[in-house]
Amino acid sequence: MPWSKLKNMILVILIITNLCLLAIVAIPALQSRKLLEQTREQAIQLLRDRGVQVDGGIVPRSIDLAAQVAERDLEREERAAAALLGGAVTAEARGGEVYRYCNENGFLQVHSDGACSAQLKPEAFPLGEDVEAGCLAVLERMGLRGVIVDREGDTLIFRQTWEGTPLFTQQITLVCQKGGLAAITEGRQLLAVPQPDPGRQTITVTTALIDLLNGVGALGDVCNRIDAIETGYVAAAALSGTTVLTPVWRVTTDTGAYQLDAVTGGVTRVS
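Residues numbered from 1 in each chain as written. Predicted model: local features only at pLDDT ≥ 70, side-chain atom pairs only at ≥ 80, totals over all residues. Heavy atoms only, no water.

## Some details on the overall build of the chain
Broken down by element type, the chain carries 4 helices and 15 strands. Considering the chain as a whole, with its 271 residues, one finds that 40% of them fall into the buried category. At a minimum sequence separation of 6, the contacts of the chain that also span at least 24 residues come to 52%. When the accessible surface of the chain is totalled, it reaches about 14800 Å², and 55% of it is carbon and sulfur. (Helix = DSSP H or I, 4+ residues; strand = E, 2+ residues; numbered from the N terminus. Buried < 20%, exposed > 50% of the residue type's maximum accessible area, 1.4 Å probe, protein only. Contact = heavy atoms within 4.5 Å. Areas by Shrake-Rupley, 256 points an atom, 1.4 Å probe, with all protein chains shown as cover.)

## Quick notes on empty space enclosed by the protein
Per the counting criterion, the structure on display carries 1 cavity of 30 Å³ or more. When its volume is computed, the largest cavity comes out at roughly 30 Å³. Counted by class, the lining of the largest cavity contains 6 nonpolar, 2 polar and no charged residues. (1 Å grid on protein atoms, 1.4 Å probe; cavity = no way out; pocket = protein on both sides within 12 Å on 5 of 7 lines; lining within 4 Å. Points joined across faces, edges and corners; volume = space filled by probe spheres on them. Nonpolar A, V, L, I, M, F, W, Y, C, P; charged D, E, K, R; others polar.)

## Things to note about unusual backbone geometry
Positive phi, normally seen in glycine, also occurs at Glu97, with a value near 60°. Looking at the secondary structure, you find Glu97 in the loop between β3 (90-93) and β4 (99-103). Relative accessible area serves as the criterion here: at 44%, Glu97 is assigned to the partly exposed category. For Lys178, which is not glycine, the phi torsion reads 55° and is therefore positive. Summarising the element assignment, Lys178 is placed in the loop between β9 (165-177) and β10 (180-185).

## Let's talk about the environment of Ala228
Position of Ala228 relative to the elements: it lies in strand β12 (residues 225-237). Excluding its chain neighbours within four sequence positions, the residues that come into contact with Ala228 are Ile58, Arg250, Val251 and Thr252.

## Brief notes about the pairing of β9
With 7 bridges connecting them, strand β8 (residues 155-162) and β9 associate as antiparallel partners. Paired with Phe158 across the strands is Ile172, a residue of β9. Taking the residues between adjacent antiparallel strands as the criterion, β9 and β10 are bridged by 2 residues, where Lys178 takes a positive phi near 55°. (Pairing = 2+ DSSP bridges.)

## A few points about the pattern of salt bridges
Close approach of charged atoms allows side chains with opposite charge to pair. Using the criterion set out here, one finds 8 salt bridges in the structure. Note that Arg145 and Glu140 form a salt bridge whose closest N and O atoms lie 3.6 Å from each other. In this structure, Asp221 engages Arg269 in a salt bridge whose closest nitrogen and oxygen atoms are separated by 2.9 Å. Taken together, the positions of Asp221 in the loop between α4 (205-218) and β12 and Arg269 in strand β15 (residues 267-270) put the pair 48 residues apart, joining distant regions of the chain. (Salt bridge = Lys/Arg side-chain N within 4 Å of Asp/Glu carboxyl O.)

## Observations regarding the environment of Gln119
Along the chain, the position of Gln119 falls in strand β6 (residues 116-120). For Gln119 and Leu181, which are 62 residues apart along the polypeptide, the C-alpha to C-alpha distance reads 9.0 Å. When neighbours within four sequence positions are excluded, Gln119 is seen to be in contact with Asn105, Gly106, Phe107, Ala182 and Ala183.

## Brief notes about the nonpolar core
Membership of the largest hydrophobic core comes to 28 residues, with the highest contact counts inside it found for Leu108, Cys135, Leu174 and Leu181. Mapped by element, the contributors of at least two residues to this core are α2 (74-85), β5 (106-110), β6, α3 (131-140), β8, β9 and β10. Apart from residues lying up to four places away in sequence, Cys135 is in contact with Leu127, Leu156, Leu174, Cys176 and Leu181. If you look at the next biggest cluster of nonpolar residues, it comprises 23 residues, including Ile44, Ile203, Trp249 and Val251. (Core = buried A, V, L, I, M, F, W, Y, C linked by side-chain atoms within 4.5 Å.)

## Examining the pairing of strand β14 (residues 257-261)
Every other side chain in a regular strand lies on the same face of the sheet, so the side chains alternate between the two faces. Taken together, the 5 bridges between strand β13 (residues 243-253) and β14 define a ladder with antiparallel strand orientation. Counted as the bridge partner of Val248 is Asp261 from β14. Between β13 and β14, which pair antiparallel and follow one another directly, the connecting turn spans 3 residues, one of which, Gly256, has a positive phi of 155°. Bridge analysis of β14 against β15 gives 4 bridges, and the strand direction is antiparallel. Paired with Tyr258 across the two strands is Arg269, which belongs to β15. What sits between β14 and β15 in their antiparallel hairpin is a turn of 5 residues, with Gly265 showing a positive phi close to 85°.

## Focus: the packing of aromatic side chains
Following the criterion strictly, the structure yields 1 aromatic pair and no others. Ring geometry for Tyr99 versus Tyr101: centroids 6.4 Å apart, planes at 15°, classification stacked. Positioned above the aromatic ring of Phe107, the side-chain terminus of Arg100 is 3.8 Å from the ring centre. In this arrangement the basic side chain of Arg250 is found over the ring face of Phe168, its NZ or CZ atom lying 4.4 Å from the centre. (Phe/Tyr/Trp six-rings, centres within 6.5 Å; stacked < 30°, edge-to-face > 60°. Lys NZ or Arg CZ within 6 Å of the ring centre and 35° of its normal.)

## What about the confidence of the model for the chain?
With 86% of its residues at a pLDDT of at least 70, the chain reaches an overall mean of 89. The element-level mean pLDDT for the chain is lowest in helix α1 (residues 3-49), coming to 64, with β14 highest at 98. (pLDDT = per-residue confidence, 0-100.)

As structure tokens, then:
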């Protein structure tokens with residue numbers, strides 16, 4: 001048999017083999033995805049049967065956020081403070097794992113649980129005509145990204161995001177004076193870099209919906225409609241400086257807001 005024909009036959013066999021291998025991998029995956037979608041639809045229908053109106057379009061098709069953990073990094077923290085304050089800083093250990101970083105433009109103080117505060121010279125942090133955009137730009141100097149969720153006069157509430165995902169518990173109050181940022185008060189921020197936490201696995205969407213229904217009932221509440229589901233993280237810090245990030249759903253209903261822990265399935269009210 002000529003080599004050219006033999007080579008073509010070998011190529012055809014290899015192609016067929018690869019297609020078979022692909023089918024072996026893909027078919028179970030497709031079946032699993034189809035099963036998850038079916039159980040999701042059944043859970044949505046269960047809510048409706050229990051008198052809870054919900055548009056299937058607002059229910060996530062999967063829980064993609066993974067549990068994470070972040071270790072405090074004092075070197076990174078100092079670099080962030082220097083970036084915010086616009087120059088080299090002096091680091092002062094104030095006891096209880098509290099560090100204050102300062103220079104001629106003010107100071108930033110950070111606690112092991114992420115609580116932070118600052119006193120700044122407003123003239124060193126001009127905000128421009130768009131105060132909200134100016135505040136975001138100042139915070140971005142130190143690697144903090146997020147959104148302004150509330151404003152009352154010259155006081156703004158900033159919520160941090162991580163890779164575009166809301167960190168619901170990481171909020172700070174920004175105080176503006178004389179056209180500049182003058183202070184940071186009342187809140188926590190995440191300055192460390194999160195890493196996956198393989199010891200904690202998330203539940204499925206189906207389980208989350210059932211846990212939500214049961215959890216609201218266990219609180220003694222009754223809701224007749226789910227209006228929105230927002231995914232994000234909540235953070236809990238230990239005295240050691242380790243911050244645990246847990247994926248959650250923030251669920252808005254006709255009678256109030258609830259938070260569902262996407263690892264344990266626990267449900268709490270959101271004030």
